[in-house]
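# Architecture and fold: a report
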Amino acid sequence: KKLKFGKSKPNRYVLVTLATIGCGKTTTSVGLANLFPELIEHIQNDNIQSPGKDKLVLAALEVLSRKPVVIMDKNNHKTVERKQIFDGFQRLNSTIPKSKLKFICLNFLQKPPKGDTELWNITKERVYNRGDSHQSIKVEKDGIGNAEKIMRGFISRFQPLNTSVEPDCNFDYIVELDAHQENSSLENMKKIVTALQNYIEDLDLKTPSETDYLKAFEKAKLYKPTFSKK
Ligand code: IDP
């Protein structure tokens, strides 16, 4: 199947994750890319050596020259980071008409993470089990104490989505997710596919079977970064 990309000028969709560490951003994103390899590509802040302000946006624009959907996998837990994304596209995008570029927020946290013991326990357990399979947080090498400190930092700096003011009012659409259940990433993949099918008209997202979902999820859980900062 060939995408008539560029010719029929379909919209381009930038999916922006909003979360803290261990919420399943990478697993959910990789799972979606596994399901729709021709349409969706995942890029990760952690895979960029010394992430300059523009590098992730430039990487996203490169993907959008080939595919209609890019997922920008980063915590984006502070409003300034969301602002950087919108500003970056405004400055660096010279190919996609502004009206064709849509921003969708993947909101992993329905309430602020501070004091959410259930969320803390599940994300800590996941980060612990991830071990050294992360670009910069190495639990085996540096101990869980170090990882917990980094996680706490993200939680304490967290600024929730507020679509009535800048910068979050620039999102065209919000997909509400959850990170509390055991298999939240599988559930989140399903929620995102359903939301995109409902919201997007110019993308042919076939409904995956339960087996397709499980396969993509299991494969995503095995994802190991090929790049390490340590
Ligand atoms: P993050 O990108 O938000 O920091 P991930 O790296 O996706 O989080 O997930 C952290 C760890 O938890 C990984 O080892 C991943 O395999 C695991 N994990 C993510 N989502 C699920 C789930 O729904 N069920 C079980 N394990 C999960």
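Description of the structure in this document.

## Let's talk about the packing of helix α4 (residues 117-130) against helix α6 (residues 144-157)
Put simply, α4 and α6 touch, their axes get as near as 11 Å, and they point 135° apart. With respect to each other, α4 and α6 are oriented oblique. The two elements α4 and α6 cross, and the hand of that crossing is right-handed. Contact residues: Trp 120, Thr 123, Lys 124, Val 127 and Tyr 128 in α4; Ile 144, Ala 147, Glu 148, Met 151, Arg 152 and Ile 155 in α6.

## Here we look at the site of the ligand
In the vicinity of the ligand lie 16 residues, with Lys 25, Thr 27, Arg 130, Glu 182 and Ser 185 positioned nearest. One of the backbone nitrogen or oxygen atoms of Gly 24 is found 2.9 Å away from an oxygen atom of the ligand. At a separation of 2.6 Å, an oxygen atom of the ligand approaches a polar side-chain atom of Thr 27. Here the ligand has 550 Å² of accessible area as a free molecule, and 87% of this is covered by the chains. At the level of secondary structure, the elements contributing two or more residues to the shell around the ligand comprise α1 (25-35), α4, α7 (184-199) and α8 (210-221). With three residues, the single largest contributor to the shell around the ligand is α1.

## Some points on the pairing of strand β3 (residues 69-73)
Across the five residues that make up β3, a large majority, five, are buried. Bridging between strand β1 (residues 12-18) and β3 involves four bridges; their strand directions are parallel. Within β3, the residue paired with Val 14 across the bridge is Val 70. Note: strand β2 (residues 40-44) against β3, five bridges, orientation parallel. The residue bridging His 42 from the neighbouring strand is Ile 71, located in β3.

## What to know about the state of the cysteines
Tallying each qualifying case throughout the model produces zero disulfides. With no disulfide partner, Cys 23 has as its closest neighbouring cysteine sulfur the one in Cys 105, 12 Å distant.

## Description of the nonpolar core
In this structure, Val 14, Leu 15, Met 72, Phe 89 and Leu 106 are the most contacted members of the largest nonpolar core, which totals 54 residues. Dropping the residues within four chain positions of it, Leu 106 is found in contact with Leu 15, Val 16, Thr 17, Leu 18, Ile 71, Val 175, Leu 177 and Ile 192. Counting residues in each nonpolar core, the second largest holds nine residues, with Ile 21, Val 127, Ile 137 and Ile 155 among its members.

Calculation notes
Residues numbered from 1 in each chain as written. Predicted model: local features only at pLDDT ≥ 70, side-chain atom pairs only at ≥ 80, totals over all residues. Heavy atoms only, no water. Axes fitted to C-alpha atoms, helices over the stretch in contact; angles between N-to-C directions. Helix = DSSP H or I, 4+ residues; strand = E, 2+ residues; numbered from the N terminus. Parallel < 35°, antiparallel > 145°, perpendicular 65-115°, else oblique. Left-handed = near helix turned anticlockwise from the far one by under 90°. Contact = heavy atoms within 4.5 Å. Near = heavy atom within 4 Å. Polar contact = N/O pair within 3.5 Å; in protein donor to acceptor, adjacent residues only side chain to side chain. Areas by Shrake-Rupley, 256 points an atom, 1.4 Å probe, with all protein chains shown as cover. Buried < 20%, exposed > 50% of the residue type's maximum accessible area, 1.4 Å probe, protein only. Pairing = 2+ DSSP bridges. Disulfide = S-S within 2.5 Å. Core = buried A, V, L, I, M, F, W, Y, C linked by side-chain atoms within 4.5 Å.

From the geometry alone we can't say anything about function, so treat these as descriptive.
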